[in-house]
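Residue strings, one per chain:
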Amino acid sequence: MTPAPRSSKRRPNARLAGGLSSAVLGLSLAVASSGASAQERELQRGESRWGLGLGVDVHQEPYRDMDNDTQGIPLVYFENYWVRVMGPSLELKLPSAGPVGFRLKARYSLDGYEADDSPYLEGMAEREGGVWLGGEAIWRTPFVNLSAELMGDASSHSEGRQFKLQADRRFDVGQFSFTPRLAAIQLDREYVGYYYGVNGSEVRAGRPQYEGDSTVNVEVGLRVDYRLSARQNVFLDLRSTRLGDGIADSPLVDRSTQTGLRVGYLYRF
């Protein structure tokens, strides 16, 4: 399959928007986890919790000749018995089956790039993000939390799908909590071809045609939370992602591993 962009519509500063979206989502996920660190039980009808704060995300870009991105992000988190809102992500809670919980999910992503984001991308057509829809199953055990998430591109830009398996476990030590995690993210051929492929009209000297193939990224991470008080929390989240061969072999990519960190402060009301 030859990856072809589905739209010629331009958007202002796509690299900034993409980095901002990624940072907001990542920080919001950290907020949701840290917001629940002091209270693991599921919320009952009529209960809710929410928080506001600030965070910073620093991460490497996978594409050639792109500098690291550093973004300051306002943090917004809300959860009740039915829904959870985390920045650009919305979850609808479904009835559980014993220890297994189910969620319907929607996420807005601005993955992709414009040609002027990097000198190496000159002559490439824009790759756009959009709305992703799917679901997640979460199995909580006394030893580890396991989750499986399937998402599809509802905006039809990439027509791709992502499948993620994750294991994590939280350890409390006084005012600190430590949550290591391990995740495998399978990205299908359509996703890889759209965001990391080079079609015939985009070929240049030193940039051969590339269709890509389905691949699996592996992420290792550690989140550290510190409770300043019953309502105040600060966190640090470190991550390293090993890019699968389908992405790492792309001529648009110049690394096989991405690293990043997030730090933030959250006040829970």
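One structure accompanies this document, and this report is about it. (Residues numbered from 1 in each chain as written. Predicted model: local features only at pLDDT ≥ 70, side-chain atom pairs only at ≥ 80, totals over all residues. Heavy atoms only, no water.)

1. A short note on the overall build of the protein chain
For clarity, the threshold we go by: A run of H or I in DSSP counts as a helix once it spans at least four residues, and a run of E counts as a strand once it spans at least two, with each numbered from the N terminus. Only protein chains enter the accessibility calculation, which uses a 1.4 Å probe; a residue whose area is less than 20% of its type maximum is buried, one above 50% is exposed, and one in between is partly exposed. Only heavy atoms enter the contact rule, under which two residues are in contact if any of them lie within 4.5 Å. Note that accessible areas follow from Shrake-Rupley with a 1.4 Å probe, and for residues the cover is restricted to the protein chains shown.
Across its full length, the protein chain carries three helices and 13 strands. Relative to its 269 residues, the protein chain shows a buried fraction of 47%. Taking the contacts inside the protein chain whose residues are at least 6 apart along the sequence as the reference set, 63% of them involve residues at least 24 apart. Looking at the protein chain as shown, the accessible area adds up to about 12,700 Å², and 59% of this sits on carbon and sulfur atoms.

2. Focus on the nonpolar core
What counts is decided by this rule: In this text, buried Ala, Val, Leu, Ile, Met, Phe, Trp, Tyr and Cys residues form a nonpolar core when linked through side-chain atoms within 4.5 Å.
In this structure, Y63, Y113, Y191, Y196, I247 and L252 are the most contacted members of the largest nonpolar core, which totals 22 residues. Per-element tally for this core: the top contributor is helix 2 (residues 189-196), with five residues. Setting aside residues up to four positions removed in sequence, Y196 forms contacts with P62, Y63, Y191, Y210, I247, S250, L252 and V253.

3. Points about unusual backbone geometry
In this model, D65 sits at a positive phi of 60°, which is unusual for a non-glycine residue. Here D65 is to be found in the loop between strand 1 (48-59) and strand 2 (69-80).

4. Brief notes about the pattern of salt bridges
Condition: Whenever a carboxyl oxygen of Asp or Glu lies within 4 Å of a side-chain nitrogen of Lys or Arg, that contact is scored as a salt bridge.
On inspection of all chains with the given rule, the structure shows 19 salt bridges. A salt bridge links K105 to E91; the nearest nitrogen and oxygen atoms lie 3.7 Å apart. Highlighted residues: K105 in strand 5 (residues 100-109) and E91 in strand 4 (residues 89-97), separated in sequence by 14 residues. When its relative accessible area of 4% is taken as the criterion, E91 is described as buried. A salt bridge links E211 to R189; the nearest nitrogen and oxygen atoms lie 3.0 Å apart. Placement of E211 in the loop between helix 2 and strand 11 (215-227) and of R189 in helix 2 is noted, with a sequence separation of 22 residues between them. Owing to a relative accessible area of 31%, E211 belongs among the partly exposed residues under this scheme. Within the structure, one salt-bridge network assembled from shared partners comprises D57, R181, E219, D237, R239 and R262.

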